[in-house]
Amino acid sequence: MERKILNEERIEKAKEILCQMFKIDKFYLENNTCRKREVIEARRFLIYYLRTELYITYSGISNYVEGLHHSTAIYHCRKFEDLLKYEKTLRDKYHKF
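Here the structure is a predicted model, which means the values were calculated and not measured.

What is the right way to look at the packing of helix H3 (residues 37-52) against helix H5 (residues 70-86) in this model?
Between two packed helices, the angle of one axis relative to the other and the distance separating the axes together describe the packing. Following both chains from N to C, one finds H3 and H5 inclined at 100°, their axes separated by 9 Å at the closest point. The angle between H3 and H5 falls in the class roughly perpendicular. Where H3 approaches H5, its residues Ile40, Arg44, Phe45, Ile47, Tyr48 and Arg51 are matched on the opposing element by Ala73, Tyr75, His76, Cys77, Lys79, Phe80, Glu81, Leu83 and Leu84. Grouping the amino acids of the contact of H3 with H5 by side-chain chemistry returns 10 nonpolar, one polar and four charged.

Structure representation (structure tokens):
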């Protein structure tokens, strides 16, 4: 129970940081409705963080991003891993995050 509360706090803090980093509204980060580049990048950061750092299942990620299917979460994680390999600026930005 304590671990779940701790994870929830970490997720909320991550959302706040991503909203500040990408200068977006939290509503767009949590809902799969906006297709602007900065919103998608921030959402991709969040999905990758939830999967790799907090070990949340792909289907469980939909609890934090409304309207997100597990297959879309898989796509975003794979895409982000590929981008991290080749884009130094993105890698630096993720490590800063």
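Now, onward.
Whenever I open this one, the pattern of salt bridges confuses me. Can you help?
Counted under the stated rule, the structure contains six salt bridges. Through salt bridges that share partners, Glu12, Lys15, Lys26 and Glu30 make up one connected network.

Help me understand the side chain of Lys15 in this model?
Along the chain, Lys15 falls in helix H1 (residues 2-22). With residues near it in sequence (within four places) discarded, Lys15 still touches Lys26, Leu29, Glu30, Leu46 and Tyr64.

Looking at this model, I keep getting lost on the packing of aromatic side chains. Mind explaining?
Two aromatic rings, taken as a pair, are described by how far apart their centres are and by the angle between their planes. Using the criterion set out here, one finds 10 aromatic pairs in the structure. Relative to Tyr28, the ring of Phe27 lies with its centre 5.4 Å away and its plane at 75°, an arrangement referred to as edge-to-face. With relative accessibility at 45%, the residue Phe27 sits in the partly exposed group. The interplanar angle of 75° and the centroid separation of 5.4 Å between the aromatic rings of Tyr48 and Tyr94 together place this pair among those described as edge-to-face. A residue pair is termed long-range when its members are at least 10 positions apart, and Tyr48 in helix H3 and Tyr94 in helix H6 (residues 88-96) qualify at 46 residues. Tyr94 matches Tyr48 in its accessibility class, with the two residues each being buried. Among the aromatic residues, those joined into a cluster by ring pairs are Phe22, Phe45, Tyr48, Tyr49, Phe80, Tyr94 and Phe97. The residue whose ring lies beneath Arg51 is Tyr58, and the NZ or CZ to ring-centre distance is 4.1 Å.

Explain the environment of Tyr75 here, please?
Secondary-structure assignment places Tyr75 in helix H5. For the pair Tyr75 and Val39, spaced 36 residues apart in sequence, the C-alpha to C-alpha distance is 16 Å.

Honestly, the packing of H5 against H6 in this entry has me stumped. Any pointers?
Following both chains from N to C, one finds H5 and H6 inclined at 110°, their axes separated by 6 Å at the closest point. Comparing the axis directions of H5 and H6 gives the class roughly perpendicular. The chirality of how H5 crosses H6 is left-handed. Residues Phe80, Leu83, Leu84, Lys85 and Tyr86 of H5 form the contact with H6, whose participating residues are Lys88, Leu90, Arg91 and Tyr94. Looking at the contact of H5 with H6 residue by residue, the class counts come to six nonpolar, no polar and three charged.

So, how was this worked out
Residues numbered from 1 in each chain as written. Predicted model: local features only at pLDDT ≥ 70, side-chain atom pairs only at ≥ 80, totals over all residues. Heavy atoms only, no water. Axes fitted to C-alpha atoms, helices over the stretch in contact; angles between N-to-C directions. Helix = DSSP H or I, 4+ residues; strand = E, 2+ residues; numbered from the N terminus. Parallel < 35°, antiparallel > 145°, perpendicular 65-115°, else oblique. Contact = heavy atoms within 4.5 Å. Nonpolar A, V, L, I, M, F, W, Y, C, P; charged D, E, K, R; others polar. Salt bridge = Lys/Arg side-chain N within 4 Å of Asp/Glu carboxyl O. Phe/Tyr/Trp six-rings, centres within 6.5 Å; stacked < 30°, edge-to-face > 60°. Buried < 20%, exposed > 50% of the residue type's maximum accessible area, 1.4 Å probe, protein only. Lys NZ or Arg CZ within 6 Å of the ring centre and 35° of its normal. Left-handed = near helix turned anticlockwise from the far one by under 90°.

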